Every structure is written in structure tokens, then in C-alpha cells.
Amino acid sequence: MGSLSHLRVLDLSRVLAGPWCTQTLADLGAEVIKIERPGAGDDTRHWGPPFAANAQGEPSTEAAYYLSVNRNKKSVTLDISTARGQEVIRQLVRDCDILVENYKVGQLAKYGLDYDSLKSIRPDLIYCSITGFGQTGPYASRPGYDFIVQGMGGFMSVTGECDELPGGGPQKAGVAIADLFTGAHATIAILAALAHRERTGEGQSLDICLLDVQVAMMANMATNYLATGQAPRRWGNAHPNIVPYQVFKVADGWVIIACGNDGQFRRLVEIGGESGLASDERFASNPQRVRNRDELIPLLEPMLLRRTSAQWIAALEEAGVPCGPINDLNDVFQDPQVLARKMLLEIPHPTAGRIRLPASALKMGASPVEYRLPPPLLGEHTRAVLQELAGLADEEIMALQRNGVI
């Protein structure tokens, strides 16, 4: 039994931040009912190629993007812009503990599906709204996109190669970090709200937004600024506070070296045959190395070129100097540690044969994550859920279908 197997979630979210949150809840055992537009579904169902291959090796209709954040869910098609669709949502809410939505601010209030409306039906409901800019403030009505928020929240001001170097300038992350971290923060808030409900019996509304999360995620970069009044600059693959802590070119590629203290730096240069650098007063301590970065790095670069990545990693690991390769995803999913940690998941799918997904990162001893359902087909569970939870008879369901409500 999963940790949250006693809970039911009504998922009115789509694309990434909301579905990432609800997939986490589903992995932990919650029953998640995903509400999708009839005939279209979640936008990400169409975000391809690539599409998963079927049993014959041909592309299916299942977009890889959609598959990444929708396992362990049930799909119900329902047009919530119709009065009958709104009525069905209110029927479902009676038996749901949590509702997650990422509509524009005020849109669900027009349908009578906002928190104030639904808490009269389910007083202990936990209602989590995920938006770009929150429910309040001058930007509340703006649509939120991960890329834009990475820029607005300061992330792109510190990400990318140094401005004065070739290729310098602002750079977004390779994955939608604002969306993903917002989904994770929404999960944390929901779990905290559940703990509050257990003590008090109270439900509550949760206001989680991409911009808040992105600003909070700036962490030490934000406090560096707040402590000095100076906005941090882009350092590329280097670190503003630690040296050497960056990517270096080696004989056959690249390696990451991260010397977090003076002892690690000393062992690095000893292995490289340049032990004198550790006793040089310019480089003897980390503050000195930070101050004299522009002198030290050109001295380390030729030293690192003397060996291959594998040779450096073997020698540095033995000496206790933090280091690592730069893997592409082919390397990642062949890495023995990744495989040992069971981070590659393979599950059967009704139209795409067996699909491979990244597994959950949550490792729990007493109530482990379970993979009960593949990402659902559009509307796969509509009839069963409406019969079981909304109490609709076959005739009522057929009428909803004729009228385009499901």
C-alpha cells in the first residue's frame, strides 16, 4: 500500500507543472483522476515527435512528452465549459481529497469550480492552484511559461557562458526547471496541507506559482546579491565562490572537477604533477584561488590535457577528489549506478507495447513507490469513473457522449 493510497486526487491540470505534481502523488499511491478535453486531451499528447513505438516498432500516437508525466493516472474526458460538465466535476469532488488545477486566474470561478465554490461541497478539500504568477499581484492575469519565468526570475542572468567569451550570454536550462520545481513545490504544499488537515480537519487553498518558485530557487545566488547589492554574473561552467569547480577539457573530452576544500585541491595538483601550485600563496586557500582565478585556471588547463577522462576520474576518485564525466542520456541509462538504483522503468502499454520511462527518485522502505498503471489513453477510464464515483447510469453516460460533454 502506497503512502497516499487512502487519497483521491482530481487532476484538472495539463502540460508539465501540474501533471508532474499529480504523477508524484500517484506514484505514492494516490488515485489520480485526470480530466481531459474530449477529442483532444492534454496538450502534450500532441507534442511530438518523438512518439513511443508500438510492438511492431512503428510510431504510436503516444507522445514521449505526455508519457513522461502521466503514469499511474486514470483519464476521464469531460468538457468543463458546459453546465453538465461542471455538474459532474462537483459530483466527483464529493469523493476527492485533493484538487490540482492550472487554469488562468479566475477562469474556474466562472464555471463555479473555484475553491470557495467547491469547499461548500467538500469542506476539507485541499485545492492547489498552479499558475505562472500567482493569484495576486500585477502579473496575476498573465499566462505563465517556463522559459519566460526562467528569464524573469533571474535564472538566465546567472546561466550561460561568461558574456566576454564566445557564445556568452543568457541561457535557459535544457529542461523546464521552473515547471518541474513548481510541480515539486506543489507536492510539498499538498503534503503539508494533508498534515494540517489530519490535525484540524480543515482543508485549504494553495497558491503555487512559477515565478515564486524560480525566485526561491535562486538560493545562494539570491543571498549573494542580497548580501552585497551586486547582481551575480554568468560564470558558464565555473562557480562564483569555489575554485577550481568547473568543467575542464582533457585528452579525449571533458571532465567535471569540483574541489570543495584546500585538501582536495592539493591532491588534484599532486596527481597532475603540479604540487607546487598548492603551496603557491596565490592558490593556497579557496578565497585566494577565487581572487586569482584568472591566473590559476590557465595553469591547470594544460595539466588536465595530459590524461583522458577515464584516467582522471579513476585517479581522482581514488584520491577522494570530487569529479565526474558529462554523460548524454545514452550514457545515463547505461550507467551501472543508475541501473542499480532502478531509475529505468519499463511498463506495458495498451498501444505502445512496452514503454521505458525514468522511474521515480523517491526510495521509501516501508511504503515504496508503485507503478500500477501506464500513462492512460485519452478517456480510457471515463465510463468506469463516472459510474463508480459520480453514480451515473449507462443511459446518462450515453447522453453525455451524444452531447459532446465526454
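This write-up is about the structure you can find in this document. All values reported here derive from a predicted model rather than from experimental measurement. Counting restarts for each chain: residues are numbered from 1 in the order of the written sequence. Only residues with pLDDT of 70 or above have their local features reported here, since the model is predicted, and side-chain atom pairs are shown and tallied only from 80 upward, although totals for entire chains, interfaces and linings are computed over all residues. Values reported for side chains reflect all heavy atoms of the structure, with hydrogen atoms and water molecules removed beforehand.

### A look at the overall build of the protein chain
So, step 1. Regarding its fold elements, the protein chain presents 18 helices and 13 strands.
So, step 2. By its C-alpha atoms, the protein chain is 85 × 55 × 40 Å across when sized along the principal axes.
So, step 3. Burial classes follow relative accessibility: with a 1.4 Å probe on protein chains only, a residue under 20% of its type's maximum area counts as buried, one over 50% as exposed, and anything between as partly exposed. Counting only residues that meet the buried cut, the protein chain has 46% of its 406 residues in that class.
So, step 4. Using the Shrake-Rupley algorithm and a 1.4 Å probe, accessible areas are obtained, with residue cover drawn only from the displayed protein chains. Summing over all exposed atoms, the protein chain offers an accessible surface of approximately 19900 Å²; the carbon and sulfur share of this is 54%. The helix and strand labels rest on DSSP assignments: H or I over at least four residues marks a helix, E over at least two residues marks a strand, and numbering proceeds from the N terminus.

### With respect to the side chain of threonine 44
So, step 1. Counting through the fold element by element, threonine 44 comes out in the loop between β2 (31–36) and β3 (51–53).
So, step 2. We call two residues contacting when some pair of their heavy atoms lies within 4.5 Å. Setting aside its immediate chain neighbours within four residues, threonine 44 contacts Val15, Ala63, Tyr65, Tyr66 and Asn70.

### Notes on the packing of helix α10 (residues 262–271) against helix α13 (residues 293–304)
So, step 1. Axis lines are fitted through C-alpha atoms, for helices just across the contact stretch, and the angle between N-to-C directions can take any value from 0 to 180 degrees. Following both chains from N to C, one finds α10 and α13 inclined at 45 degrees, their axes separated by 10 Å at the closest point. With respect to α13, the element α10 is oriented oblique. Between α10 and α13 lies a crossing whose hand is left-handed. Contacts from Phe265, Leu268 and Val269 of α10 reach α13 at Leu296, Leu300 and Met303.
So, step 2. When residues are sorted by character, Ala, Val, Leu, Ile, Met, Phe, Trp, Tyr, Cys and Pro go into the nonpolar class, Asp, Glu, Lys and Arg into the charged class, and all the rest, Gly among them, into the polar class. Looking at side-chain class alone, the contact of α10 with α13 contains six nonpolar, no polar and no charged residues. For classification, angles of less than 35 degrees are called roughly parallel, those exceeding 145 degrees roughly antiparallel, those between 65 and 115 degrees roughly perpendicular, and all remaining angles oblique. Working rule for handedness: look at the near helix, and if it is turned counterclockwise from the far one by less than a right angle, call the crossing left-handed; if clockwise, right-handed.

### Structural notes on the packing of α10 against helix α14 (residues 309–319)
So, step 1. Put simply, α10 and α14 touch, their axes get as near as 10 Å, and they point 140 degrees apart. Taken as axis vectors, α10 and α14 run oblique relative to one another. You can see that α10 and α14 cross each other, and the crossing is right-handed. Contacts from Arg267, Leu268 and Ile271 in α10 reach Trp312, Ala315, Leu316 and Ala319 in α14.
So, step 2. When its residues are assigned to classes, the contact of α10 with α14 shows six nonpolar, no polar and one charged.

### Topic: the environment of glutamine 214
So, step 1. For glutamine 214, the location among the structural elements is in helix α8 (residues 210–217).
So, step 2. Each C-alpha atom, one on glutamine 214 and one on arginine 402, is 44 Å from the other, the two residues being 188 residues apart in sequence.
So, step 3. Filtering out sequence-adjacent residues up to four positions away, glutamine 214 remains in contact with Val149, Gln150, Gly153, Phe155, Ile177 and Ala178.

### Considering the sheet that holds strand β9 (residues 245–250)
So, step 1. The pairing criterion is simple: DSSP has to find at least two bridges between the two strands. Within the open sheet, the three strands sit side by side as β9-β10-β11. Their pairing is antiparallel. Of all the strands in the sheet, the pair left with one neighbour each is β9 and β11 (323–324).
So, step 2. Pairing between strand β10 (residues 253–258) and β11: two bridges, direction antiparallel. Looking across to β11, one finds that isoleucine 257 is bridged to cysteine 323.

### Examining the packing of aromatic side chains
So, step 1. Side-chain rings of Phe, Tyr and Trp, where Trp is taken by its six-membered ring, are said to pair if the distance between their centres is within 6.5 Å; with planes under 30 degrees apart they count as stacked, over 60 as edge-to-face, and otherwise as tilted. One pass over the structure, following the stated rule, counts three aromatic pairs.
So, step 2. Ring centres of tryptophan 47 and tyrosine 65 lie 5.0 Å apart, and the angle between their planes is 85 degrees; on these two criteria the pair is classed as edge-to-face. Here tyrosine 65 lies in helix α2 (residues 64–67) and tryptophan 47 lies in the loop between β2 and β3, a separation of 18 residues in the sequence.
So, step 3. Judged by relative accessible area, tryptophan 47 falls into the partly exposed class, the value being 41%.
So, step 4. Under the relative-accessibility criterion, tyrosine 65 is labelled partly exposed at 30%.
So, step 5. Where phenylalanine 133 meets tyrosine 139, the ring centres are 5.8 Å apart and the plane angle is 80 degrees; that geometry is what we call edge-to-face.
So, step 6. With relative accessibility at 8%, the residue phenylalanine 133 sits in the buried group.
So, step 7. Over the ring of tryptophan 312 we find arginine 307, and its NZ or CZ is 5.1 Å from the ring centre. Whether a charge sits over a ring depends on NZ of Lys or CZ of Arg being within 6 Å of the ring centre and within 35 degrees of the ring normal.

### Regarding the environment of glutamate 202
So, step 1. Mapped onto the elements, glutamate 202 comes out in the loop between α7 (177–200) and β8 (204–209).
So, step 2. Take glutamate 202: its relative accessible area is 43%, and that puts it in the partly exposed class.
So, step 3. When the C-alpha atoms of glutamate 202 and arginine 94 are compared, they prove to be 15 Å apart, with 108 residues separating the residues in sequence.
So, step 4. The contact partners of glutamate 202, leaving out residues within four places of it in the chain, are Asp124, His196 and Arg197.
So, step 5. Pairing of N or O atoms within 3.5 Å defines a polar contact, subject to two protein rules: one partner must be a possible hydrogen donor and the other a possible acceptor, and residues neighboring in sequence count only if both atoms are side-chain atoms. Of note is the side chain of glutamate 202, whose polar atom sits 2.8 Å from the side chain of histidine 196.

### What about helix α3 (residues 83–93)?
So, step 1. Where α3 is concerned, the buried positions are Gly85, Gln86, Val88, Ile89, Gln91, Leu92 and Val93.
So, step 2. Against β1 (8–12), β2, β6 (98–101), α5 (115–118), α17 (382–388) and α18 (394–402) lie the buried residues of α3.

### With respect to the sheet that holds strand β7 (residues 126–131)
So, step 1. Taken in spatial order, the six strands line up as β5-β2-β1-β6-β7-β8 in an open sheet, and their pairing is parallel. At either margin of the open sheet sits one strand with a lone partner, and together these are β5 (73–77) and β8. Neighbour-to-neighbour, the strand axes of this sheet turn through a mean angle of 20 degrees, independent of strand direction.
So, step 2. Bridge count between β1 and β2: four bridges; the pairing is parallel.

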